[in-house]
Amino acid sequence: MLSSQDLKLAAARAAIDYIEPCLKPDVVIGVGTGSTADLFIDALGSHRSRFRGAVASSERSAVRLRAQGIEVLDLNAVQSMPVYIDGADEINAKLQMIKGGGGALTREKIVASVAERFICIADDSKLVAQLGAFPLPVEVIPMAREAVARSLAQLGGKPALRAGFTTDNGNEILDVAGLAILDACLLESVINALPGVVTNGLFALRPADVALLATQDGVRRL
């Protein structure tokens, strides 16, 4: 029986194989944040001489990339990227996701928006029929926290401040439990329109293009 860590490692290695044709001297790749992304970064280190560098979705990932000898570039200096690789807290059959358990949702969404393809790597426990069992992270400007929380409650959610946590952008996160996410695209738009919301952890308007899901029987591709 493979452990959760074994499955994450299998997904990370599958991502290396998947992006191998993209690794060229002038190429920059986008890299996400989280425990599975960490394993991907570690595996990417042995290929560092084959591509120009990476754009990181968090300070955490930037530190880990540099430790592997990979140059970290500012997104403003990058015009295009063939791929963005990141994990998910939940993903459905449409490749829509909830992300942000690690608190990097805003930068993840920004970096993913520039990439030609979004590759989601996870173990198959993250595949769900309906999004929402995992509380939806919402990054908020601190002065708007309570106003946004009231609006999220009106949408049927139960928002809770992520205590003791500040994002790389200097903001706070409300984790919203209890949402019935029947139309992920609509809910993503509605929450993002609330004054004071930076972004929310629904990746539905721009879902993944490919999911590499590690199972006990190998890596499944969606």
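You'll find the structure just up there.
Note that the coordinates shown come from a computational prediction; the quantities given were computed from them, not determined experimentally.

Rules used in this analysis
- Residues numbered from 1 in each chain as written.
- Predicted model: local features only at pLDDT ≥ 70, side-chain atom pairs only at ≥ 80, totals over all residues.
- Heavy atoms only, no water.
- Helix = DSSP H or I, 4+ residues; strand = E, 2+ residues; numbered from the N terminus.
- Rg over C-alpha atoms; globule rule 2.2 N^0.38 Å.
- Buried < 20%, exposed > 50% of the residue type's maximum accessible area, 1.4 Å probe, protein only.
- Contact = heavy atoms within 4.5 Å.
- Areas by Shrake-Rupley, 256 points an atom, 1.4 Å probe, with all protein chains shown as cover.
- Lys, Arg positive; Asp, Glu negative; His and termini not counted.
- Charge placed at Lys NZ, Arg CZ, Asp CG, Glu CD.
- Phe/Tyr/Trp six-rings, centres within 6.5 Å; stacked < 30°, edge-to-face > 60°.
- Pairing = 2+ DSSP bridges.
- Axes fitted to C-alpha atoms, helices over the stretch in contact; angles between N-to-C directions.
- Arc of directions from axis to C-beta.
- Core = buried A, V, L, I, M, F, W, Y, C linked by side-chain atoms within 4.5 Å.
- Salt bridge = Lys/Arg side-chain N within 4 Å of Asp/Glu carboxyl O.

Draft legend 1. Inspection of the overall build of the protein chain at higher detail. Tallying secondary structure elements over the protein chain gives 6 helices and 13 strands in all. At 17 Å, the protein chain has a C-alpha radius of gyration in line with the 17 Å of a compact globule built from 222 residues. Out of the 222 residues belonging to the protein chain, those deemed buried represent 51%. Residue pairs at least 24 apart in sequence account for 74% of intrachain contacts in the protein chain once pairs closer than 6 positions are excluded. Of the accessible surface of the protein chain, which amounts to about 10000 Å², a share of 51% is contributed by carbon and sulfur atoms. The positive charge centre, built from 22 side chains, and the negative charge centre, built from 25, are 1 Å apart in the protein chain.

Draft legend 2. Representation of the packing of aromatic side chains. Applying the stated rule across the entire model yields 2 aromatic pairs. Between the aromatic rings of Y84 and F118, the centroid separation amounts to 5.1 Å while the plane-to-plane angle is 85°, which identifies the pairing as edge-to-face. Of the two residues, Y84 sits in strand β3 (residues 81-86) while F118 sits in strand β6 (residues 115-123), which places them 34 residues apart along the sequence. By relative accessible area, which is 0% here, Y84 ends up buried. Residue F118 is classed as buried on the basis of its relative accessible area, which comes to 0%. With a centroid separation of 6.3 Å and 85° between ring planes, the pair formed by F118 and F203 is classed as edge-to-face. One end of the pair, F118, is in strand β6; the other, F203, is in strand β11 (residues 202-203), with 85 residues separating them in the sequence.

Draft legend 3. Looking closely at the sheet that holds strand β10 (residues 197-200). Taken in spatial order, the 4 strands of this open sheet run β8-β9-β7-β10, and their pairing is antiparallel. Edge positions in the open sheet fall to β8 (158-161) and β10, since each of these has one partner strand only. Within the sheet, the average angular offset between the axes of one strand and its neighbour, ignoring direction, is 30°. Taken together, the 4 bridges between β8 and strand β9 (residues 172-177) define a ladder with antiparallel strand orientation. By the bridge assignment, K158 is partnered in β9 with A177. Against the sheet, helix α4 (residues 105-114) touches β7 (136-140), β9 and β10, its axis set at about 70° to β10.

Draft legend 4. Structural view of helix α6 (residues 184-192). Every buried residue belonging to α6 is among A184, L187, E188 and I191, and all of these are buried. Mapping the buried residues of α6 onto a view down its axis gives an arc of 105°, with all of them on the same face. Contact partners of the buried residues in α6: α4, β7, α5 (145-154), β10 and β11.

Draft legend 5. A look at the nonpolar core. I19, I29, F40, L44, L65 and I85 are the most contacted members of the largest nonpolar core, which has 28 residues in total. Among the elements of the structure, α1 (4-19), β1 (28-31), α2 (35-44), β2 (53-56), α3 (59-67), β3, β6 and β12 (210-215) are those that each provide at least two residues to this core. Top contributing element to this core by residue count: α1, with 7 residues. Non-local contacts of I29, meaning those with residues more than four positions away in its chain, are made with I19, F40, L44, F51, G53, A54, V55, M81 and V83.

Draft legend 6. Up close: the pattern of salt bridges. The final tally for this structure, using the stated rule, is 12 salt bridges. Here D38 and R60 are joined by a salt bridge, their closest N and O atoms 2.5 Å apart. Remark: R60 occurs in helix α3 and D38 occurs in helix α2; sequence separation between them is 22 residues. For D38, a relative accessible area of 9% translates into the label buried. Assessed through its relative accessible area of 44%, R60 is described here as partly exposed. Ionic pairing is found between D38 and R64, a salt bridge with its closest N-O pair at 3.7 Å. On the criterion of sequence distance, the pair formed by D38 in helix α2 and R64 in helix α3 is long-range, its members being 26 residues apart. A relative accessible area of 30% means that R64 is categorised as partly exposed. One connected set of salt bridges, linked through shared partners, spans D38, D42, R60 and R64.

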